[in-house]
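Below, each chain spelled out in residue letters.
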Amino acid sequence: MKRPALVAGADGASLRLRVRPGASRNAVLGRGVLADGSEVVVVAVSAPPEDGRANRAVIELLAETWDLPRRAVAVTAGAAARTKTIGIADPAAGPRLAAWLESLPLT
């Protein structure tokens, strides 16, 4: 079953990611599809997947990309997995993130 990467609600949004820790640089690489057909945003971070360092790097990268305070972005599911769900606590995030998501290339 195909699930969208972004789900927007009245109080914010959630975004499904596929994280590549230990990369040479921090970057949003584009949109991808998992084996089950679920859409994801592919993100690379240079931090290793140890002691939550990769999660912190993902939060910092996305908060900076979206011009949001770090406290508005959190890992809500998959903290120890490469596939994560990120919660965005900003009521205006949905439409803005939908436009951002559409601008990303397919990977």
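Residues numbered from 1 in each chain as written. Predicted model: local features only at pLDDT ≥ 70, side-chain atom pairs only at ≥ 80, totals over all residues. Heavy atoms only, no water.

Asker: Can you walk me through the pattern of salt bridges in this structure?
Answerer: Close approach of charged atoms allows side chains of opposite charge to pair. Throughout the structure, instances matching the rule amount to 4 salt bridges. Taking the shortest distance from any N to any O, the salt bridge between R70 and E60 comes out at 3.7 Å. Taken together, the residues span a long stretch of sequence, with R70 in the loop between α1 (53–66) and β5 (73–77) and E60 in helix α1 at a distance of 10 residues. Taking relative accessible area as the criterion, R70 reaches 55% and is therefore assigned exposed. Overall, E60 belongs to the partly exposed group, its relative accessible area being 42%. We note a salt bridge from R96 to D90, for which the minimum N-O separation is 4.0 Å. (Salt bridge = Lys/Arg side-chain N within 4 Å of Asp/Glu carboxyl O. Helix = DSSP H or I, 4+ residues; strand = E, 2+ residues; numbered from the N terminus. Buried < 20%, exposed > 50% of the residue type's maximum accessible area, 1.4 Å probe, protein only.)

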